[in-house]
Every structure is written in C-alpha cells, then in structure tokens.
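# A look at the structure
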Amino acid sequence: MEIKRAHKFRFYPTFEQETILAQTFGCVRFVYNRMLRVRSDAWYTEKKRIGYHATSSLLTELKKEPEFEWLNKVSSVPVQQSLRHLQTAFGNFFAKRAKYPSFKSKHEKQSAEYTSSAFKWDGKSLKLAKMKDPLNIRWSRTLPKATKLTIATVSKDSAGRCHVSMLCDDSVARKPRVSGKVGIDLGLTHFAILSTGEKIASPNTLRKNETRLAKLQRKLSKKRKGSANRQKARLKVARLHAGIADARKDFLHKLSTRLVNENQVIAVESLAVSNMKKNRCLAKSISDAGWGEFVRQLEYKSLWYGRELVGIDRWYPSSKRCSGCGHTVNKMPLNVREWTCPECGSIHDRDINAARNVLAAGLAVLALGESISPVCI
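Summary of the structure given here. (Residues numbered from 1 in each chain as written. Predicted model: local features only at pLDDT ≥ 70, side-chain atom pairs only at ≥ 80, totals over all residues. Heavy atoms only, no water.)

### Comments concerning the layout of surface pockets
Quick reminder of the rule: Only protein atoms enter the calculation, which uses a 1 Å grid: trapped sets of points that fit a 1.4 Å probe without letting it out are cavities, open sets showing protein on both sides within 12 Å along at least five of seven lines are pockets, and any residue with an atom within 4 Å of a point is a lining residue. Grid points are joined across faces, edges and corners, and a volume is the space filled by probe spheres set on the points. A helix here means a DSSP run of H or I that spans at least four residues, while a strand means a run of E at least two residues long, and both kinds are numbered starting from the N terminus. Polar here means any residue other than Ala, Val, Leu, Ile, Met, Phe, Trp, Tyr, Cys and Pro, which are nonpolar, and Asp, Glu, Lys and Arg, which are charged; Gly is therefore polar. The source of the domain bounds is an automatic or database domain assignment.
Here the largest pocket is characterised by a volume of approximately 1300 Å³. Contributing to the lining of the largest pocket are 35 residues, with K8, R141, D246, K249 and H253 lying nearest its centre. With 11 residues, the single largest contributor to the lining of the largest pocket is helix α6 (residues 228-262). Classifying every residue of the lining of the largest pocket gives 10 nonpolar, nine polar and 16 charged. Formed jointly, the lining of the largest pocket draws a minimum of three residues from each of two domains, domain 1 (2-171) and domain 2 (181-204 + 249-368). Taken as a whole, the second largest pocket holds about 970 Å³ of empty space. Lining the second largest pocket are 29 residues, with L186, E269, M276, L334 and R350 sitting closest to its centre. Mapped by element, the contributors of at least two residues to the lining of the second largest pocket are β8 (181-186), β9 (190-194), α7 (273-276) and α10 (350-367). Residues belonging to the lining of the second largest pocket are distributed by class as follows: 14 nonpolar, eight polar and seven charged.

### What to know about the sheet that holds strand β12 (residues 308-312)
The condition that has to hold: Between any two strands, pairing holds if DSSP finds at least two bridges. Axis definition: a line fitted to C-alpha atoms, limited for helices to the stretch in contact. Angles are taken between N-to-C directions and run from 0 to 180 degrees. Note on definitions: a residue-residue contact is assigned when non-hydrogen atoms from the two residues lie within 4.5 Å.
With mixed pairing, the five strands of this open sheet are ordered in space as β10-β9-β8-β11-β12. Only two strands of the sheet have a single partner each, and these edge strands are β10 (199-201) and β12. Sheet twist, expressed as the average angle between the axes of neighbouring strands with direction ignored, equals 20 degrees. Note that β9 and β10 share three bridges and pair antiparallel. Looking at the pairing, A192 lines up with I200 of β10. Sheet contacts for α6: β8, β9, β10 and β11 (265-269); angle to β9, the most-contacted strand, approximately 5 degrees. In the packing of α10 onto the sheet, contacts are made with β8, β9, β10, β11 and β12, and the angle to β8 comes to roughly 130 degrees.

### Some words on the pattern of salt bridges
Test applied: By convention in these notes, a salt bridge is any Lys or Arg side-chain nitrogen within 4 Å of a carboxyl oxygen on Asp or Glu. When a residue's accessible area, from a 1.4 Å probe over protein chains only, is under 20% of the maximum for its type it is buried; when over 50% it is exposed; and in between it is partly exposed.
Under the definition given, this model contains 16 salt bridges. Across the pair D349 and K199 runs a salt bridge whose closest N-O atoms are separated by 2.9 Å. Of this pair, D349 sits in strand β14 (residues 347-349) while K199 is found in strand β10, placing the two residues 150 residues apart along the sequence. Judged by its relative accessible area of 25%, D349 is partly exposed. Across the pair R248 and D288 runs a salt bridge, and its minimum N-O distance is 2.9 Å. Pair noted here: R248 is in helix α6 and D288 is in helix α8 (residues 283-289), with a separation of 40 residues, a long-range link. For R248, a relative accessible area of 18% puts it in the buried group. Linked by salt bridges that have partners in common, D157, R161 and D246 make up one network.

### Observations concerning the pairing of β12
The side chains of a regular strand alternate, residue by residue, between the two faces of the sheet. The buried count for β12 comes to four of five residues, which makes it a mostly enclosed element. The pairing of β11 with β12 spans five bridges and is classified as parallel. Opposite I266, over in β12, you have L309 as the bridge partner.

### Re the packing of helix α1 (residues 15-46) against helix α3 (residues 76-94)
The line we're drawing: Oblique is the label for any angle not covered by the other classes, which are roughly parallel (under 35 degrees), roughly antiparallel (over 145) and roughly perpendicular (65 to 115). Definitions for this section: a left-handed crossing has its near helix turned counterclockwise from the far helix by less than a right angle. A right-handed crossing has that turn clockwise.
Two elements in contact, α1 and α3, have axes whose closest approach is 9 Å; the angle formed by their N-to-C orientations is 40 degrees. By the angle class used here, α1 and α3 are oblique. Remark: the crossing between α1 and α3 carries right-handed chirality. Contacts from T24, C27, V28, V31, Y32, M35, L36 and R39 of α1 reach α3 at P78, V79, S82, L83, H85, L86, Q87, A89 and F90.

### Structural notes on a positive patch on the surface
So the rule is basically this: Exposure above 30% relative accessible area and the absence of a salt bridge qualify a residue for a patch, where like charges join within 9 Å and nonpolar side chains (Val, Leu, Ile, Met, Phe, Trp, Tyr) within 5 Å. We get accessible surface area from the Shrake-Rupley algorithm with a probe of 1.4 Å; when it comes to residues, only the shown protein chains can shield them. Under the convention used here, Asp and Glu are negative, Lys and Arg are positive, and both His and the chain ends fall outside the count. Here the site of a charge means NZ on Lys, CZ on Arg, CG on Asp, or CD on Glu.
Together, R10, R138, K215, R218, K219, K222, K232, K236 and R239 give the surface a local cluster of positive charge. Contributions of two or more residues to the positive patch are made by α5 (210-221) and α6. Examined against the element boundaries, K236 turns out to sit in helix α6.

### Some words on the sheet that holds strand β1 (residues 2-11)
One open sheet holds the five strands; their spatial order is β2-β6-β7-β1-β5, and the pairing between them is antiparallel. Of all strands in the sheet, those with a lone pairing partner are β2 (110-115) and β5 (137-138), marking the two edges. Relative to strand β7 (residues 162-171), strand β6 (residues 148-156) runs antiparallel, the two sharing eight bridges. The residue of β7 that forms the bridge with A152 is M166.

### Brief notes about the pairing of β11
The buried count for β11 comes to five of five residues, which makes it a mostly enclosed element. Burial of β11 is two-sided: the residues V265, A267 and E269 facing one way and the residues I266 and V268 facing the other way are all buried. Looking at chain direction, β8 and β11 are connected through four bridges and run parallel. When the bridges of β11 are listed, K181 appears paired with V265.

Listed below in structure tokens is the structure:
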C-alpha cells in the first residue's frame, strides 16, 4: 500500500542556522498574521472575500516596499506556504471542521514548511535553503531505502526544541491475518478495558505532574515580565509540558500498535469527545487521557496493516446490556461497577461487560457487510 508518511527527528542547529530559522519563523508568522488581518477586514468592512491568489499578489507587492525588504532575506518557499496554510485554515472553517483562524504568537510553537525546491536531500543529510551546512539531525531510526522526500517541516516548540518532520512517499505491507478480536471500552480510572478481561491502567501523565507544574507556574508568575529570570522560568514550565505530552504520545502509540498487531477485528465506541469535555468535573481527565488521538492512531494503523476497525454508535447501551442473555436494564448509574443480570443471574463487571457488548456489536456490523469507522469529535 502506497502512503505518505512523516518521519520526525530532533536536530541541533548551529548558531548560524538558529539565526536563519528565527528570521524564517518571524517572516512566516508575520505574513500569516498580516494576510489574516487583510482577509478579515475585507470581509467585515466590504463583505468581500479574498482568496489565496489575491494574498499571493499582495505578498509580491509587499516585498517590493522598502519597509518590508527584510522579507527577501529568507527563503520565499516557507513564506509562500504560509499563505496556503491560511487558505486551508479558512477552508476548514467554512467546512465547519475548525474555528475561525487565529493569529500566531511568537511565544507558541513556530514552524516553517519547505517544499522540494527549497532543500537538498541526498538520502543521508538534509540541507535547507539559505543554509551553508546540513542540519545536525539525530537519526533515531533509519528511513526506508530510496525514500523520496517531498516536504520538510522545521519546527521549534515552546520548550526550545527543534524538530524536522520529513514527509516521504512510502509503502506499507499488510500484516498476516490473526485470529484475535477485541472490543474496547474507554474510561478514566482505567484507560481501556478489553473484552478479554484485561484492564489497562491510565497513565495520568498530567495528573502525576500537577503538583510540580503548579509550583513552577507559581514561580513563573512572580518573575518580572521581560526579565531573563522569567524566560528561564517559562522554559522550565514549557519543558515539563513537553515531557507530559511526549509520555502520553508514547503510551498511546505503544498501546495502539500492540492492539493492531494482536487483533484482526477491533471494535470501539464512537465518542463525542468535544461534548464530553463540557462537563467541567471531567474535562481535565478526558483531555489528559487522549481518547481522540488513540482512536485516530487505531484508524490509520488498521488501514495500513489490513485490520478491520468498527465504530459502535455512541448511544448503544453497552453498559446496561447483559453480554450473556442480551437483557437491558433501565438504569445504570456511574457508581455501579458490578451488577447482576435480573434475567439470567450473571454477575458482571460493568466495564468488561461493556467491552464484550462492543465487540459483539462490532461483529454484528461486519456480518451485515457494513464498515463503520469511529469518529472522535
């Protein structure tokens, strides 16, 4: 199967490269914000829509002005790509997939996208436009042989770490068929409960670091704005947040890969995560769990490796239905963790019973010849 795959690596820039990247990030951010303002003002004042081609012409004229001649000192490719990203952001907004585009801040993650005309790749090293030396990349894994690199995205996160994401044309071989089938019930006390009876503990990466994070944030709040000490305190907070995000991502990737390797059929409930986070008592724990990212990983890994992923309707009464006889009780409060079926007398663990019902519903969907993918909104 031919796919587009991104390989992300950390790199350590030289002083010269760091200067060039800082200039590039600034130009990309400036052009994005300026054209966003132009498009917004045109609509709110004149009810006029301005598209990508119009903003591209405006950028050409902008570069000719003496006041903005510094835009010509960096590669034109990432600056031009920022206009395409803005167009994509508006497209997602009009399609109701995202909110209205927002302005970029220099205190957030910075990125610049280079297409094949703006870098040199010889299979071993990557050299970006306007730079004399290739990037000092830490190759944590080997790239596939004869890899065709199409896009290189350089980024710098709020913790000061530099990464390059290399989008390549790749091929994935389907894994051998296996006999395993599993239903997954997602939760907060346990991240995932499987129909096999296994309960996978939630990593709670944010919760475990809350005390330390609060201490660092209190220290940050007491530092004078613009001072060097405030910058040092801000970096400590950012590094802790980065560590939390990395730990969560590592857990999700390992678990999703394991489930895809062991099972031919995977059934999971479709979740409206954005609606669930409106409950202010559970919002932090739901965000910390990362359900949406987990299901997204299951989706693309199942597609790559020839597995069948089935999404069950979110209103399916998996917790209230007996997995033995099919009897459905009227109510099942959240504090009830174990219950006895009044019809057949079976004693159920609430979560394991729900996972078994999810698997049964998923197999029923496949038996009817339908294919439903889970959606986390």
